[in-house]
Amino acid sequence: MRTDTIFYKLFQTFNSLLFELLNQPVEEGYQFISVEVKEKAFRFDRIYFPAKLNQLIYFVEVQFQRKPNFYTEFLCEILLYLSQYQPQNDWKAIAIFSDRSIEPLTLTKFQQELLANNRIVPIYLDQLNNSQSIAIQIIQLITSPNQTAIQLVQTLKQQNLSPDIIELIETVLVYKFTNLTRQEVESMFALSDLKKTKIYQEALQEGEEKGRQEGEEKGKQEGRQEGKQEIALNLLRVGMDIIQVAKVTGLSTEQIQLLQK
């Protein structure tokens, strides 16, 4: 199963997912981004970048295959990011494993200390508690045995699902049942019933209308963004620090750091 693609869509669709996995209250003001770090072109599965200096940066990696040097590479990515972007926020690393057996067995003393101090937090998806959260239920669909998939899909179908979420569930099932076509998956799990509902059709129409409006607005937003960037560059040239520039322009500190490259 192509878990990288699916989890990218999950984090993109459900902004609260990381905090649900950590079993802590959802924190507002985060940008959810994927960042490429130069050198070996590392790319994080997800970075939760905060709007405030007193909030943590969360580095997130999802691992479904055994990889003995996982923590070493993860820490290399983090340290390269910190070196290149020099954020002022503190940070925490979240390692998401399909199950505990995937986690590396041999750890360096440094890695053990980071885990003991909760600088690195491992999460095992097969140990998640039952939840009413649609995002958690979709993760359980990914990690569950194939024979329980129908029951899990029936549970999900009892909720009001948007077209995007129905498509995500369908994608998970296609990856899970590799011997079936998308049409066969739709028929097997009666997903076509969901697509015929009034809620689905109304949401689909609303999405199409929103897409047209966003297309018109996009040009205006790009112009405003370019103007903010130009102002930020001018302020940096006269010696204003990044935090002050962020307050004046409304840009994030990371966006301003990128302008300096």
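Residues numbered from 1 in each chain as written. Predicted model: local features only at pLDDT ≥ 70, side-chain atom pairs only at ≥ 80, totals over all residues. Heavy atoms only, no water.

(A) Molecular detail of helix α7 (residues 163-176). When the terminal C-alpha atoms of α7 are compared, their 20 Å separation across 14 residues agrees well with the 20 Å that a helix rising 1.5 Å per residue should span. Across the 14 residues of α7, eleven count as buried, placing the element largely inside the fold. Along α7, the residues classified as buried are Pro-163, Ile-165, Ile-166, Leu-168, Ile-169, Glu-170, Thr-171, Val-172, Leu-173, Val-174 and Lys-176. (Helix = DSSP H or I, 4+ residues; strand = E, 2+ residues; numbered from the N terminus. Expected span 1.5 Å × (residues − 1). Buried < 20%, exposed > 50% of the residue type's maximum accessible area, 1.4 Å probe, protein only.)

(B) Representation of unusual backbone geometry in the model. Phi at Asn-118 takes a positive value of approximately 60°, unusual for a residue other than glycine. Mapped onto the fold, Asn-118 is located in the loop between α4 (109-116) and β7 (120-124). Using a relative accessible area of 44% as the deciding quantity, one classes Asn-118 as partly exposed. Even without being glycine, Ala-190 reaches a positive phi, approximately 55°. The topology assignment puts Ala-190 in the loop between α8 (182-188) and α9 (191-195). Among the residues examined, Ala-190 registers a relative accessible area of 22% and is labelled partly exposed.

(C) Layout of the pattern of salt bridges. Evaluated as defined, the whole model comprises three salt bridges. A salt bridge links Lys-67 to Glu-73; the shortest N-O distance between them is 2.9 Å. (Salt bridge = Lys/Arg side-chain N within 4 Å of Asp/Glu carboxyl O.)

(D) Molecular detail of the sheet that holds strand β4 (residues 46-50). A sheet is described by the order of its strands in space; here five strands give the open sequence β1-β4-β5-β6-β7, paired in mixed fashion. At either margin of the open sheet sits one strand with a lone partner, and together these are β1 (30-33) and β7. Adjacent strand axes in the sheet meet at a mean angle of 20° when their direction is disregarded. As paired elements, strand β5 (residues 57-63) and strand β6 (residues 91-97) share seven bridges and run parallel to each other. The partner of Glu-61 across the bridge, within β6, is Ala-95. In this fold helix α3 (residues 70-85) packs onto β4, β5, β6 and β7, with an angle of close to 150° to the strand it touches most, β6. (Pairing = 2+ DSSP bridges. Axes fitted to C-alpha atoms, helices over the stretch in contact; angles between N-to-C directions. Contact = heavy atoms within 4.5 Å.)

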